[in-house]
Number of protein chains: 2
Amino acid sequence: MAKPSIWRIKAQLFVLTKQTYTTRAMAKASITYKDSGVDVHANTRWVSTIEGAMRSTYGPRVFSNRHGGFAGLFRLDYDEQLFRRNYKRPVLVGCTDGVGTKVLIAIEMKKLSTIGIDLVAMNVNDLICCGAEPLFFLDYLAVNKLDPKHLRDVIIGVADGCRQAGCALLGGETAEMPDLYRRGDFDLAGFAVGVVEHNRIIDGSRVASGDVLIGLPSSGVHSNGYSLVRAVVKRRRGQLSRTYDGLGESLGDALLRPTKIYVSAVRAVLQAYRVKRVITAMAHITGGGLKENLARALPSNCDATVLRSSWQPPPVFDWLRQKGVSRAELFKVFNMGVGFVMIVRPRFANGVMRALRRAGEEPFLLGQITRGGGRVRFR
Amino acid sequence: MAKPSIWRIKAQLFVLTKQTYTTRAMAKASITYKDSGVDVHANTRWVSTIEGAMRSTYGPRVFSNRHGGFAGLFRLDYDEQLFRRNYKRPVLVGCTDGVGTKVLIAIEMKKLSTIGIDLVAMNVNDLICCGAEPLFFLDYLAVNKLDPKHLRDVIIGVADGCRQAGCALLGGETAEMPDLYRRGDFDLAGFAVGVVEHNRIIDGSRVASGDVLIGLPSSGVHSNGYSLVRAVVKRRRGQLSRTYDGLGESLGDALLRPTKIYVSAVRAVLQAYRVKRVITAMAHITGGGLKENLARALPSNCDATVLRSSWQPPPVFDWLRQKGVSRAELFKVFNMGVGFVMIVRPRFANGVMRALRRAGEEPFLLGQITRGGGRVRFR
């Protein structure tokens, strides 16, 4: 007998759908979960989709499923001689995030293949800010109805994101809850675990006057501020299928661009400087924009000055501006084209930029650190 | 300036509620997220609730929040001399689960103080099956509207569960999504991480004929099968406030009983046998009941025989039986009073039972392992 995957499909076993309820309500004396009209083939297809997606992300440290099957197992250290780079004082790093109402745009556009990348990105980009190496990822998918054909792309996207981030998709949960989610709706949450050597933790405490801010371009709106985006689309009667002037693609495509995953670029810099501690802080720019997210990374005796002329926000933000969101508001809510910021020692700035370019990034000098009180200023 | 908690309240920054939309729709030329009428005091109250709850779970291995604040940090090893019991070949264990539609019963009963315990229980009980020590927990709370007074109990319950499980509440995400969740509704997902020494992994591969099944009582329905429970309540017009014959408490209270957390009992046994490997498998009995969950833990050359007379199912299952769910159906969907099963070497069965009793449990001999084909039989 094949062991069930640790990926459990909870609700398929005992959901009584409303439809069943109304058509069969009092006709039968006994109540069984078979009344729910569960599609066994759907379940089988779903499990094989998930298992294929998970396997595509596995590295040598993932344990195979024979181990009981109640949880996913991941070796912290490499046993293989070739890879030996084990941790002396490992500090585990964990974070969780969802993709907010970007799911609703994906559902409306009937394009679910990249929302899983967004989910992984939102988590691993947070994870790497302290210098951590992402290890594994788990996801929680809550749906109105388990429709494997429809939801397949979501999981394939999650696996895609995991491969980009170099982490294993170790497990997940699919919950079918017709009474909580509307027809066609779903929600998606993710969870990432990484590890960092104790004396290599990057926590902003070493940030000093003179340090340089290096910006990494975002791919667009990423996964924050979609309630505002959707309100603008609705109020201004924006059409997702229309290619507005300057956008170069349909509004829907521009809004659905997957969140950039910065793991390989940041890891490349960390690998290039294994002894010198050239990075003093990193910030993933999410809800709250540059101002709030950079402030998280600063010590209380420094300010960060951001040069607005140092980069050009992507056209999707111009569209939002034209539709009535003020420039100040845009900067408060969105990344405005800067998805990730590294704060580095000035004498290493050029070296870090080169390492980032070699990793395929297009970094730019975003600003500088001065003495101050933990604030972020724009100039 | 106080650093923001890693617990981020994403949506409060840029949600435009429907109400705002209809009353202010076209009246203003520019659109800002202040239009959403965000209650800043609610936000502040929420952050302080969360931070208090998190701190109540912290042990010496949790890093304080000064570290950047994009993710939670947790030392794998103890540096403190007193606690030194570090891992030589640590294997990380991760799992995720939700509480299904038990949330809807909690919402209907207006009793949110224990659903967080359920959430932690569903995850950590899975985690410990392979012999792992729970380390930390994160939760994802998705709501229609962030109402701190209303949701406070949920987080306090999560922290309560974490303390029972001896793990730290390392972080979480609160997402306000009025367009995805109905008024008053919310969903809850959790993620747990633990660690186990490589050569102490319990994976069922050593299970052999003659091994003994030890059952640990459940507290009731736990957190599986609630779609069926709710269908029965609805069809048979069950009243949550009524104390039915034999229940000894209201139906609602019986259904909301928090899922039992087996961590301290299982850890006590593992601590009592540090050299001998007396436990060959463990199973958390969730959706699918004893049959399916025990089968997960069995190797393909053994059967498990469960003696139905060895325990008495709690009265809530009698109520479901009386309302029309067949006995066979009940056993397929619910734990029926057995929440956790340990499979142990026969000569250590009495010792393990004693250790469990000392830890406050009421274990019973549930059955035995025979040669077979990976099946679970009832007798």
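Residues numbered from 1 in each chain as written. Chains lettered and ligands numbered in written order. Predicted model: local features only at pLDDT ≥ 70, side-chain atom pairs only at ≥ 80, totals over all residues. Heavy atoms only, no water.

> Looking at this structure, I do not really get the overall build of chain A. What am I missing?
On a plain count of helices and strands, chain A comes out with twelve helices and twelve strands. Put simply, 83% of the contacts in chain A that link residues at least 6 apart link residues at least 24 apart. Summed over its atoms, the accessible surface of chain A is roughly 14,300 Å², and 49% of this surface lies on carbon and sulfur atoms. (Helix = DSSP H or I, 4+ residues; strand = E, 2+ residues; numbered from the N terminus. Contact = heavy atoms within 4.5 Å. Areas by Shrake-Rupley, 256 points an atom, 1.4 Å probe, with all protein chains shown as cover.)

> Hey, could you run me through the pattern of salt bridges in this one?
For side chains bearing opposite charge, pairing can occur when the charged atoms are close. All names here are of chain B. Tallied over the full model, the rule gives 19 salt bridges over all chains. Of the charged contacts, one joins Glu-176 and Lys-145 as a salt bridge, the two residues approaching to 3.8 Å between their closest N and O atoms. You can see Glu-176 sitting in strand β5 (residues 168–176) and its partner Lys-145 sitting in the loop between β4 (133–143) and α5 (148–165), a full 31 residues away along the chain. A residue is classified by how much of its surface remains accessible, and Glu-176, at 9% relative accessible area, is buried. Between Arg-257 and Glu-249 there is a salt bridge, and its shortest N-O distance comes to 3.0 Å. (Salt bridge = Lys/Arg side-chain N within 4 Å of Asp/Glu carboxyl O. Buried < 20%, exposed > 50% of the residue type's maximum accessible area, 1.4 Å probe, protein only.)

> I tried to follow the sheet that holds strand β9 (residues 302–306) of chain B on my own but got confused; where do I start?
Within a sheet, adjacent strands bond to each other through the backbone by hydrogen bonds, running parallel or antiparallel. All names here are of chain B. An order of β8-β10-β7-β11-β9-β12 is seen for the six strands of this open sheet, with the pairing classed as mixed. A strand with exactly one partner marks an edge of an open sheet, and here the two such strands are β8 (279–284) and β12 (376–378). Averaged over all pairs of adjacent strands, the angle between strand axes in this sheet comes to 25°, irrespective of strand direction. As paired strands, strand β7 (residues 212–217) and strand β10 (residues 338–344) are joined by six bridges and run antiparallel to one another. Within β10, the position partnered with Leu-213 by the bridge is Ile-343. Strands β7, β10 and β11 (364–371) of the sheet are contacted by helix α12 (residues 349–358), whose axis makes an angle of about 15° with β7. (Pairing = 2+ DSSP bridges. Axes fitted to C-alpha atoms, helices over the stretch in contact; angles between N-to-C directions.)

> What is the right way to read the pairing of strand β5 (residues 168–176) of chain A from this model?
It is a general feature of regular strands that their side chains alternate between the two faces of the sheet. Residues and elements named next belong to chain A. Within β5, nine of the nine residues are buried, leaving the element largely enclosed by the surrounding structure. With eight bridges joining them, strand β4 (residues 133–143) and β5 adopt parallel strand pairing. Bridge pairing in β5 places Leu-141 opposite Thr-174. Tracing the backbone out of β4, into helix α5 (residues 148–165) and back to the parallel element β5 gives a crossover that is right-handed. (Right-handed = clockwise from strand over helix to strand, strands pointing away.)

> For this particular structure, what's the right way to read helix α8 (residues 263–272) of chain A?
For an α-helix, 3.6 residues make a turn, and residues three or four places apart therefore share a direction. Val-263, Ala-265, Val-266, Arg-267, Val-269 and Leu-270 of chain A are the residues of α8 of chain A that are buried. Elements that come into contact with the buried residues of α8 of chain A comprise α4 (115–127), β4, α5, β8 (279–284), β10 (338–344) and α12 (349–358) of chain A.

> What is the right way to look at α4 of chain A in this model?
Helix length check: α4 of chain A, at 13 residues, gives a terminal C-alpha distance of 19 Å against a target of 18 Å (1.5 Å per residue), a fit within 8%. Counting buried residues in α4 of chain A gives 13 out of 13 residues, a clear majority hidden from the surface. (Expected span 1.5 Å × (residues − 1).)

> Is there a simple way to explain the side chain of Asp-77 of chain A in this structure?
Among the secondary structure elements, Asp-77 of chain A is positioned in the loop between β2 (72–75) and β3 (90–98). For Asp-77 of chain A, which is buried and forms no salt bridge, the nearest opposite charge comes from Arg-61 of chain A, at a distance of 6.2 Å. (Lys, Arg positive; Asp, Glu negative; His and termini not counted.)

> Would you mind showing me how to read the packing of α4 of chain A against α5 of chain A here?
Residue and element names in this part refer to chain A. Direction vectors running N to C along α4 and α5 enclose 40°, while the axes themselves pass 6 Å from each other. Comparing their axes, α5 and α4 come out oblique. Where α4 crosses over α5, the handedness of that crossing is right-handed. Where α4 abuts α5, its residues Ile-115, Gly-116, Ile-117, Leu-119, Val-120 and Val-124 lie against Val-154, Gly-157, Val-158, Asp-160, Gly-161, Cys-162, Gln-164 and Ala-165. In terms of residue class, the contact of α4 with α5 is made up of nine nonpolar, four polar and one charged. (Parallel < 35°, antiparallel > 145°, perpendicular 65-115°, else oblique. Left-handed = near helix turned anticlockwise from the far one by under 90°. Nonpolar A, V, L, I, M, F, W, Y, C, P; charged D, E, K, R; others polar.)

> Explain the packing of aromatic side chains to me, please; I cannot follow it from the model alone.
Aromatic ring pairs are defined here through the distance separating the ring centres and the angle between the ring planes. According to the stated counting rule, one finds 18 aromatic pairs over all chains in the structure shown. Aromatic pair Tyr-181 of chain A and Tyr-181 of chain B: ring centres 5.3 Å apart, planes at 65°, arrangement edge-to-face. Of this pair, Tyr-181 of chain A sits in the loop between β5 and β6 (186–197) while Tyr-181 of chain B sits in the loop between β5 and β6 (186–197), on two different chains. Grouping residues by exposure puts Tyr-181 of chain A and Tyr-181 of chain B together as buried. Relative to Phe-378 of chain A, the ring of Phe-331 of chain A lies with its centre 5.5 Å away and its plane at 75°, an arrangement referred to as edge-to-face. Of this pair, Phe-331 of chain A sits in helix α11 (residues 327–333) while Phe-378 of chain A is found in strand β12 (residues 376–378), placing the two residues 47 residues apart along the sequence. (Phe/Tyr/Trp six-rings, centres within 6.5 Å; stacked < 30°, edge-to-face > 60°.)

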